[in-house]
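Close look at the chain arrangement
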Amino acid sequence: MVFEGAVFSSASFDKADFSPKVLTCIDRSGMIDRVISVDEPDFKSVKQTAENHNILHVIPKSSYLLPGFTDLHVHAPQWPQAGLALDKPLNEWLQTYTFPLEAKYQNLDFAKKSYQSLVKELLANGTTTVLYFGSIHTEANLVLAQICADMGQRAFIGKVAMDNPDQTPDFYRDNSAQEALEQKEVFIQRLQKLQKETNSELVPVITPRFVPSCTDETLEGLGQLAKKYDLPIQSHCSESIWEDQYAIDRFGMRDAEVLDKFNLLTDKAVMAHGTQLSDSDLDLFNERNTAVAHCPISNIFFGSSVLPVRHVHDKNVELGMGTDIAGGYSPSIYRNIQQAVMSSQMLQDAGTRNARITAANAFYLATVGGAKALHIPTGQIKAGYKADLQIVNDQYSDVMSNNENDIFERLIYHTTKSQINEVYVSGKQVINRGENNGK
């Protein structure tokens, strides 16, 4: 397939590039083969060849080709409670609402219905890659994986480990460290088998819920499994003052240090939130090449403060964007980009110097940052990258400025799923609203 039209793609943390008219050429493996500007000598011949083979897709005026988004933090089983009880303290929210909901996923019919809704919604919002927290149920997590394979979403999926009886309810926990680790290994092997059978982009992830939820034996065993299978790791780190203090009370060290002690901070690890990370923690993250998933909406409710994105970036720690469904009520990365910018201004207004970030900064997190955190070649529209794409309509183009910077910010601040007409993952169309099929 060859797309003809205007493209926005992140060039760097501080800059989004605009190309008003290019051919974006996708090969049969779903990779971007070339991006040809209108002034290159073979632009016309490549376009003509694509027309002759009926593979030219002309992007209509006032619509733009953007990279698909990577969501680095989604609690898949929490989707039915998105936006509920967010006025409650985190521990009460978990114990009263979240754990009872997640326990329902032992019912596979319930799991299938919920996960089909979630994956469809994320794709419709332009999210092509997701790092998922699952539930403790091996079978339900495999249901999620199958749905992602069927719908074409790239998915990194973790079976949650949580066995500490002091911090988890008796109706929803692993019965022992041995069970948690054995079932984790079963899940890894079965997901890898499913990936081969479906030829889909599925990756198992080592997933301790967070330090308070796990016994020492489980944390140690998960670190060993990550090394044995060379897998990504995800958890929460320094999400709240309570979480940090818990680690100090139990281990005599900070949350990040505990995870590192059990070999859970690696160059394949993504830790969510990080609002309480100290400079020494950030230095440790930098040393281990561990990434942070910035979850700006949920941090407003549960994070105890605002993540200083620019400071974290300046400390050379990789950052991506996460919705944190359901602590974050919106499945839209656009909505989280907007909140990231607003929260940074709040931080600056509270006295933190140089805290403000731009739309281009947050767009980088949602595309390049997330892709780097997961070590996948996507997030940019350039040769050698996966063709993860969204075609977005500028709904106000007839009444507002058509300066390229203004268009970009308008797309960032006004796009909802209603303006996302098509979505592609590795060159395969996964969403088509039927409004943007120019040939």
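Quick look at the structure, then. (Residues numbered from 1 in each chain as written. Predicted model: local features only at pLDDT ≥ 70, side-chain atom pairs only at ≥ 80, totals over all residues. Heavy atoms only, no water.)

Before going further, it helps to examine the state of the cysteines. Tallied over the entire structure, the rule returns zero disulfides. We note that C237 lacks a disulfide partner, and the nearest cysteine sulfur, in C295, lies 12 Å from it. According to the relative accessible area criterion, C237 is buried, its value standing at 1%. (Disulfide = S-S within 2.5 Å. Buried < 20%, exposed > 50% of the residue type's maximum accessible area, 1.4 Å probe, protein only.)

As a further point, take unusual backbone geometry. The omega torsion across I325 and A326 is 10°, close enough to zero to call that bond cis. Within the secondary structure, A326 sits in the loop between β13 (319-321) and α12 (333-349). Phi angles above zero are rare outside glycine, and N199 is one such case at about 50°. Within the secondary structure, N199 is located in the loop between α5 (177-198) and β9 (202-208). Here S426, not a glycine, exhibits a phi torsion of approximately 50°, which is positive. (Helix = DSSP H or I, 4+ residues; strand = E, 2+ residues; numbered from the N terminus.)

So, on to helix α13 (residues 359-374). Spanning 16 residues, α13 covers 22 Å between terminal C-alpha atoms, matching the ideal 22 Å at 1.5 Å per step. If you look at α13, its biggest bend is around 40°, right at L365. The N-terminus of α13 is capped by T358, whose side-chain oxygen sits 3.3 Å from the backbone nitrogen of A360. Looking one or two residues past α13, H375 carries a phi angle of roughly 60°, positive in sign. (Expected span 1.5 Å × (residues − 1). Bend = angle between axes of the 7 residues up to and from the residue. Polar contact = N/O pair within 3.5 Å; in protein donor to acceptor, adjacent residues only side chain to side chain.)

Before going further, it helps to examine the packing of α5 against helix α6 (residues 216-229). It is at 9 Å that the axes of α5 and α6 come closest, and there the two elements cross at 25°. What the angle tells us is that α5 and α6 run roughly parallel. Remark: the crossing between α5 and α6 carries right-handed chirality. When α5 is examined against α6, the residues A177, A180, L181, K184, E185, I188, Q189 and Q192 are found in contact with a partner set consisting of E217, T218, G221, L222, L225, K228 and Y229. Here the contact of α5 with α6 is composed, by residue class, of seven nonpolar, four polar and four charged. (Axes fitted to C-alpha atoms, helices over the stretch in contact; angles between N-to-C directions. Parallel < 35°, antiparallel > 145°, perpendicular 65-115°, else oblique. Left-handed = near helix turned anticlockwise from the far one by under 90°. Contact = heavy atoms within 4.5 Å. Nonpolar A, V, L, I, M, F, W, Y, C, P; charged D, E, K, R; others polar.)

Glancing now at helix α14 (residues 404-414). Regarding α14, the residues found buried are I407, F408, R410, L411 and I412. Looking at the packing, one finds that the buried side of α14 touches β1 (2-12), β2 (15-26), β5 (63-67), α12, α13 and β14 (389-393). The opening residue of α14, the one whose side-chain oxygen lies 2.9 Å from the backbone nitrogen of N405, is N403.

Everything listed here is a matter of coordinates, which is why it stays silent on function.
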